[in-house]
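Okay, here's what each chain looks like letter by letter:
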Amino acid sequence: AQLRRIKIPCSVLLVDECQDLDECQVDWVSGQARHGTHLYFVGDAAQCIYGFRGAKSSYVMKLDCVDRQLTKSWRFGPDVARIANIALFAKENSPQTSKASSYNPLWKPYRVEGARKVGYSTVMTESMAQNWRDHKPLTLLGMTNAGLMMKAMGLLGLDTLRKANRVCTDDDDELSVDLLGDESEEESNSRPLDSENWPRFHINGKGDNSGIKKWRKAMKEVRILSDLWSNRDQEGNQIEMLLPPKEFPDFANEPVTWDTFCQQCQEKELGRYAMAVSIVHAYEEKTPQALDSFEEHVMAKTYSEKEADIILTTCHSAKGLEWDRVELCPDLLDLNTASFTDTVSQTVRHPSFMRALPDDVESELSQSKGEKRKGWEFGLSSYSNDINLLYVGITRAKRQLSLPQSIKTLMEQMDLINFLVKSFVQEHLQGKNPSSSDESMLTLSKPRARKLTKGDVWDLYYDICLPLRTELGVPPTGSIVPHLFPECFDDDDEKDVKVKAETE
């Protein structure tokens, strides 16, 4: 159709979800203008999530169009909008914006407004799934089928099959992800395998790339990895095995043991296998039994969405949908893992270390011409869709949104940075003369372990922390966590920030 420039028989063409078109589709559709067709492209570049099949929002962003923004959502209220805007803030302050050229932008930064009244939507960091009877119907939303599978297995009581302390121990590789939420191992293992108490599940999605067919593919992948884990001699030594190239194209014709497979996934950053690895890590030799139970009590059932207590959906299957209660699974992007990098060259307009106090910078700035230095930003991949998937997940919720602990942890880190900068000021007022080259108490673990200096923390405060606090409307003397999550905050949390600053 593109090469033959086939005309679409219409006078007006409305193209929805245009951010997920590939270059061929954009060229063909936009070419309809030569036939006199009026074109309307509708989409959100921050929701481009089909990069794996060639979609890039930049293809549409380059078109010569009249741009109109619709940023008010009647789906949710201001509480959910604030969390969604944290994801947009991270995207704007990342290589997805700083490294995109003006003639090839990935998106035009914006913020979403929750048009519903205050109190219409609520956000929490506690898991609704652990008390699903009080929150049904509940939608569990994750990045991968395997991640959702792990969460559902826990709700079926299958954690009684788990090896104690197998997930996210110090000896595990970084591919292993803790999907238990806030539930302790003891609480998890105490739940009885009573089928009468199990929730009714509905799997959202249809077609080969979502729904039950995609789940069967995920099940097959986990079973293959379970066979790899079990492939050992009588002494327990691991034996190499060839993985099927259809399911594991990254390891075609390459014999691997379980350990070498995990190691290469980590070295090559093959995150697509992370959740399947986590399941096998958790259940080890009991993995086939756990999978059989999941298949019997979830996949073999045919509960409709209206009949279900819990709806399982990936972000891709959830596109365009909405639910009253949504819980995000921990396999979505962890902004703490992305960490921060000081790689973007910029001219800054704030005082360098201790030139002026944070609360009294206006006079200094009015005389400053700015200075050149490397600016801090979120360490996101330039073209990765992970941040978009997180944003899509957040904005599926109408009334209640349960967040993974990682978002609260990021906000705690921002509060820690704010506390440290204030401590530098106190040192200065006490005549201790802190230096920008002094080591601080903050360490970034990624992309490489790095102990930050006080100058680094000062710049990180102005580049990331202060702009975020300003956007969220946090009072100068306040903290982000109690501002966003007042229902789950107590005085001990403020003490924890100070203790963490003094011990890290």
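First, a word on scope: everything that follows refers to the structure included in this document. (Residues numbered from 1 in each chain as written. Predicted model: local features only at pLDDT ≥ 70, side-chain atom pairs only at ≥ 80, totals over all residues. Heavy atoms only, no water.)

**Comments concerning the overall build of the protein**
And then number 1: Along its length, the protein carries 18 helices and 14 strands.
And then number 2: Looking at the protein residue by residue over its 504 residues, the buried ones come to 49%.
And then number 3: Long-range pairs, those at least 24 residues apart, make up 77% of the contacts in the protein with a sequence separation of at least 6.
And then number 4: With the model as given, the accessible surface of the protein reaches about 24,800 Å², and the carbon-plus-sulfur share is 47%. (Helix = DSSP H or I, 4+ residues; strand = E, 2+ residues; numbered from the N terminus. Buried < 20%, exposed > 50% of the residue type's maximum accessible area, 1.4 Å probe, protein only. Contact = heavy atoms within 4.5 Å. Areas by Shrake-Rupley, 256 points an atom, 1.4 Å probe, with all protein chains shown as cover.)

**Notes on the pattern of salt bridges**
And then number 1: Throughout the structure, instances matching the rule amount to 19 salt bridges.
And then number 2: The residue Asp309 makes a salt bridge to Lys136 at a minimum N-O spacing of 3.8 Å. Of this pair, Asp309 sits in the loop between helix H10 (287-299) and strand S8 (310-314) while Lys136 sits in the loop between strand S5 (122-124) and strand S6 (138-142), placing them 173 residues apart in sequence.
And then number 3: Judged by relative accessible area, which is 5%, Asp309 ranks as buried. (Salt bridge = Lys/Arg side-chain N within 4 Å of Asp/Glu carboxyl O.)

**What to know about the pairing of strand S12 (residues 397-402)**
And then number 1: Alignment of S5 against S12, held across 3 bridges, turns out to be parallel. The residue bridging Val123 from the neighbouring strand is Leu401, located in S12.
And then number 2: The pairing of strand S9 (residues 323-328) with S12 spans 4 bridges and is classified as parallel. Considered in S12, the bridge of Trp323 is made with Ala397. (Pairing = 2+ DSSP bridges.)

**Looking at the packing of aromatic side chains**
And then number 1: Applying the stated rule across the entire model yields 13 aromatic pairs.
And then number 2: Chaining the aromatic ring pairs together yields one cluster made of Phe248, Phe251, Trp258, Phe261 and Tyr273.
And then number 3: The residue whose ring lies beneath Lys56 is Tyr383, and the NZ or CZ to ring-centre distance is 4.5 Å.
And then number 4: When the ring centre of Tyr120 is taken as reference, the NZ or CZ atom of Arg399 above it lies at 4.0 Å. (Phe/Tyr/Trp six-rings, centres within 6.5 Å; stacked < 30°, edge-to-face > 60°. Lys NZ or Arg CZ within 6 Å of the ring centre and 35° of its normal.)

**Comments concerning helix H5 (residues 145-155)**
And then number 1: Of all 11 residues that make up H5, 11 are buried, and the element is covered over most of its length.
And then number 2: Buried residues of H5: Asn145, Ala146, Gly147, Leu148, Met149, Met150, Lys151, Ala152, Met153, Gly154 and Leu155, and no others.

**Looking at the sheet that holds S9**
Adjacent strands of a sheet form backbone hydrogen bonds with each other and so pair up, either parallel or antiparallel.
And then number 1: Taken together, the 6 strands give an open sheet; going across it, the order is S5-S12-S9-S6-S8-S7, and neighbouring strands pair in parallel fashion. Sheet topology places S5 and strand S7 (201-203) at the edges, where each strand pairs with a single neighbour. For this sheet, the mean angle separating the axes of adjacent strands, direction not counted, is 25 degrees.
And then number 2: Two strands pair when backbone bridges link them, and S6 and S8 are joined in this way by 5 bridges, in the parallel orientation. Each residue of the ladder has a partner; that of Thr139, found in S8, is Ile311.
And then number 3: This element, H5, spans S6, S7, S8 and S9 of the sheet and lies at about 160 degrees to S8. (Axes fitted to C-alpha atoms, helices over the stretch in contact; angles between N-to-C directions.)

**Concerning the packing of helix H15 (residues 405-429) against helix H16 (residues 454-472)**
And then number 1: The geometry of H15 relative to H16 is characterised by a closest axis approach of 9 Å and an angle of 125 degrees between their N-to-C directions. As the angle between them shows, H15 and H16 are arranged oblique. Between H15 and H16 lies a crossing of left-handed hand. Residues Met411, Met414, Asp415, Ile417, Asn418, Leu420, Val421, Phe424 and Glu427 of H15 form the contact with H16, whose own contacting residues are Lys454, Val457, Trp458, Leu460, Tyr461, Ile464, Cys465, Leu468, Arg469 and Leu472.
And then number 2: Along the lines of polarity and charge, the residues of the contact of H15 with H16 split into 14 nonpolar, 1 polar and 4 charged. (Parallel < 35°, antiparallel > 145°, perpendicular 65-115°, else oblique. Left-handed = near helix turned anticlockwise from the far one by under 90°. Nonpolar A, V, L, I, M, F, W, Y, C, P; charged D, E, K, R; others polar.)

**Description of the packing of helix H7 (residues 211-230) against helix H9 (residues 274-283)**
And then number 1: Viewed as axis vectors pointing N to C, H7 and H9 meet at an angle of 50 degrees, and their least axial separation amounts to 9 Å. With respect to their mutual orientation, H7 and H9 come out oblique. The crossing of H7 and H9 is right-handed. Along its contact with H7, which presents Glu221, Val222, Leu225, Ser226 and Trp229, the element H9 presents Ala276, Val277, Ile279 and Val280.
And then number 2: Class assignment of the residues belonging to the contact of H7 with H9 gives a composition of 7 nonpolar, 1 polar and 1 charged.

**Looking at the pairing of S6**
And then number 1: Counting buried positions along S6 gives 5 out of 5 residues, so the element sits mostly inside the fold.
And then number 2: Every second residue of S6 is oriented toward a common face, with Leu138, Leu140 and Gly142 on one face and Thr139 and Leu141 on the other, all of them buried.
And then number 3: Bridge count for S6 against S9 is 3 bridges, and the pairing is parallel. For Leu140, the partnering residue across the bridge sits in S9 and is Glu327.

**With respect to unusual backbone geometry**
Where the residue is not glycine, phi is negative for most of them; where a peptide bond is considered, it is trans in most cases.
And then number 1: Omega for the bond connecting Lys136 with Pro137 falls within 30 degrees of zero, at -5 degrees, which places this linkage in the cis form.
And then number 2: Phi angles above zero are rare outside glycine, and Glu17 is one such case at about 50 degrees.
And then number 3: As for its placement among the helices and strands, Glu17 is situated in the loop between strand S1 (12-15) and helix H1 (23-30).
And then number 4: What makes Glu17 partly exposed here is its relative accessible area of 30%.
And then number 5: One non-glycine residue, Asn433, lies in the positive phi region at around 50 degrees.
And then number 6: In this structure, Asn433 sits in the loop between H15 and strand S13 (439-444).
And then number 7: According to the relative accessible area criterion, Asn433 is exposed, its value standing at 58%.

**So, the side chain of Glu247**
And then number 1: Among the secondary structure elements, Glu247 is positioned in the loop between H7 and helix H8 (258-267).
And then number 2: There is a polar contact of 3.1 Å between the side chain of Glu247 and the side chain of Lys220.
And then number 3: Look past the residues within four positions of Glu247 in its chain and what remains in contact with it is Lys220, Glu221, Ile224, Arg272 and Tyr273. (Polar contact = N/O pair within 3.5 Å; in protein donor to acceptor, adjacent residues only side chain to side chain.)

**Regarding the environment of Asn388**
And then number 1: If you trace the backbone, Asn388 turns up in helix H14 (residues 386-394).
And then number 2: A relative accessible area of 3% means that Asn388 is categorised as buried.
And then number 3: In this view, Asn388 contacts Ala45, Ala46, Gln47, Cys48, Ile49, Lys91 and Gln96; residues no more than four positions away in its chain are not counted.

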